[in-house]
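An overview of the molecular structure
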Amino acid sequence: MSPTAPPLEARMAELTGRHVPFVKATVVRARRPASARPGDTALVLADGRVEGFVGGACAEATVRVQALRTLRSGESLLLRISPEETADGTREPIVEEGAVSVANPCLSGGELEIFLEPLRPAPRVVVLGESPIARALLAFGAVLGYEITEASDVDGITPEDLAGTQALVVASHGRDEEPVLVSAARAGVPYIGLVASPRRGAAVLDGLALDDDQRARIHTPAGLWIGARTPGEIAVSILAEVIRTVRGLSVEAEVRVEAAPEIGSVTAVDPVCGMTVSVADSIPYSDEGDDERRWFCCAGCRAAYEKEPARYAKADAS
């Protein structure tokens, strides 16, 4: 086992406990002179950071691009990296079912096969209250595979719960509502639902010590309008709204994604070596040469570019 495995195992446990999604990348095959060895492991976070070792900077850049794609899709992938052209005679990735082959011109010989496993924690939903609707939410949420936390009073909801919570539903019929709604809104919980009539819900919102944007994020009456009447039907309508929020399928979420693409969804071509790299804060970049920012697979390519930016600008134009 790689000597880096124990601290990475602890890091994985920490991320999972905090409900932070990440990709576990494990080298399953290496052909010399690749620097990585079978069993070497790294974690790729949603912001593009890589913790651990699965090869040098060039291999890491390819792993980052493909890992972030698996994090969005949720599907595991076998990544094959080689310095040679792909089988179709081009340097374009070859995508197969469950695998992708990538030509990495920077790779210093050798080949790597790396298994990418996205680990996206089950959404955590906190339910406050002991009403029939609350009990139905607890029952149906478990069927969805969600991590359901029951809180019978406001003291049962800890800051740790809110920090890792994707949804909070208050179904306590007027008991302990205001403090937890304020805390959840300020903590940035993605979905906050208050079970109340339209009139009572509006009155509760008006009395909260929140700004307009925070107040607007609280859904009341909670749930999509589907004509629900019974506690079970109302619970289904609330969970449908939770699903829409958690999965990012609301119109608002789609607009945000278009306006500010998710980290890793945007790529660029390294002008020095021709590699495809992710655009993220943790990736080397340079503003030298012209008005366009350039992104690089490693600091070495960036240094080469900054030494002769005009040379690579001509290469781009040709």
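Report follows, based on the coordinates. (Residues numbered from 1 in each chain as written. Predicted model: local features only at pLDDT ≥ 70, side-chain atom pairs only at ≥ 80, totals over all residues. Heavy atoms only, no water.)

What follows deals with the nonpolar core. Val 44, Val 54, Val 63, Leu 79, Leu 112, Ile 114 and Leu 116 are the most contacted members of the largest nonpolar core, which has 22 residues in total. Within the residue set of this core, elements represented by two or more residues are strand S1 (22-31), strand S2 (41-45), helix H2 (57-73), strand S4 (77-82), strand S6 (99-103) and strand S7 (111-119). Broken down by element, this core gets its largest block of residues, five residues, from H2. Beyond its immediate sequence surroundings of up to four residues, Leu 116 is in contact with Val 23, Lys 24, Ala 25, Val 63, Gln 66, Ala 67, Thr 70, Ser 76, Leu 77 and Leu 79. Within the second largest apolar cluster, 21 residues are counted, among which are Ile 157, Ala 185, Val 189 and Leu 208. (Core = buried A, V, L, I, M, F, W, Y, C linked by side-chain atoms within 4.5 Å. Buried < 20%, exposed > 50% of the residue type's maximum accessible area, 1.4 Å probe, protein only. Helix = DSSP H or I, 4+ residues; strand = E, 2+ residues; numbered from the N terminus. Contact = heavy atoms within 4.5 Å.)

Our next topic: the pattern of salt bridges. Counted under the stated rule, the structure contains 13 salt bridges. Residue Glu 96 is joined to Arg 80 by a salt bridge in which the shortest nitrogen-to-oxygen separation is 3.0 Å. Here the residue Glu 96 occupies a position in strand S5 (residues 94-96), and Arg 80 occupies one in strand S4, the gap between them amounting to 16 residues. Looking at Arg 80, the relative accessible area reads 28%, which means it is partly exposed. The shortest N-O distance in the salt bridge between Glu 147 and Arg 124 comes to 3.3 Å. Of this pair, Glu 147 sits in strand S9 (residues 147-151) while Arg 124 sits in strand S8 (residues 124-128), and the two are 23 residues apart along the sequence. Among the residues examined, Arg 124 registers a relative accessible area of 10% and is labelled buried. Connected through shared salt-bridge partners, Arg 29, Arg 31, Arg 80, Glu 96, Glu 111 and Glu 113 make up one network. (Salt bridge = Lys/Arg side-chain N within 4 Å of Asp/Glu carboxyl O.)

Within the structure shown, the criterion is met by two aromatic pairs. With a centroid separation of 5.1 Å and an interplanar angle of 50°, the aromatic rings of Tyr 285 and Trp 295 are classed as tilted. With a gap of 10 residues between them, Tyr 285 in strand S15 (residues 285-286) and Trp 295 in strand S16 (residues 294-295) connect regions that are remote in the sequence. The class of Tyr 285 is partly exposed, set by a relative accessible area of 32%. Given a relative accessible area of 11%, Trp 295 falls into the buried group. Consider the rings of Phe 296 and Tyr 305, whose centres lie 5.3 Å apart with planes at 45°: the pair is tilted. Each member of the pair Phe 296 and Tyr 305 is classed as buried. (Phe/Tyr/Trp six-rings, centres within 6.5 Å; stacked < 30°, edge-to-face > 60°.)

Below, the discussion takes up the pairing of S2. Buried residues dominate S2, accounting for five of its five residues. Pairing analysis gives five bridges linking S1 to S2, with the strands arranged antiparallel. Across the sheet, the residue bridging to Ala 25 is Ala 42, located in S2. As defined by bridge partners, S2 adjoins strand S3 (residues 50-52) across three bridges and the pair is classed as antiparallel. (Pairing = 2+ DSSP bridges.)

In this section: the environment of Gly 232. Note on placement: Gly 232 falls in helix H8 (residues 231-246). For Gly 232, a relative accessible area of 22% puts it in the partly exposed group. Taking the C-alpha atoms as reference points, Gly 232 and Ile 133, separated by 99 residues in sequence, lie 6.5 Å from one another. The residues touching Gly 232, leaving out its near neighbours within four places in the chain, are Ala 136 and Phe 140.

This part covers the side chain of Glu 241. Secondary-structure assignment places Glu 241 in helix H8. No salt bridge is formed by the buried Glu 241, whose closest oppositely charged neighbour, Arg 244, lies at an N-O distance of 4.2 Å. Among the polar contacts listed, one links the side chain of Glu 241 to the side chain of Tyr 191, at a separation of 2.7 Å. (Lys, Arg positive; Asp, Glu negative; His and termini not counted. Polar contact = N/O pair within 3.5 Å; in protein donor to acceptor, adjacent residues only side chain to side chain.)

No statement about biological role is implied by the geometric values presented.
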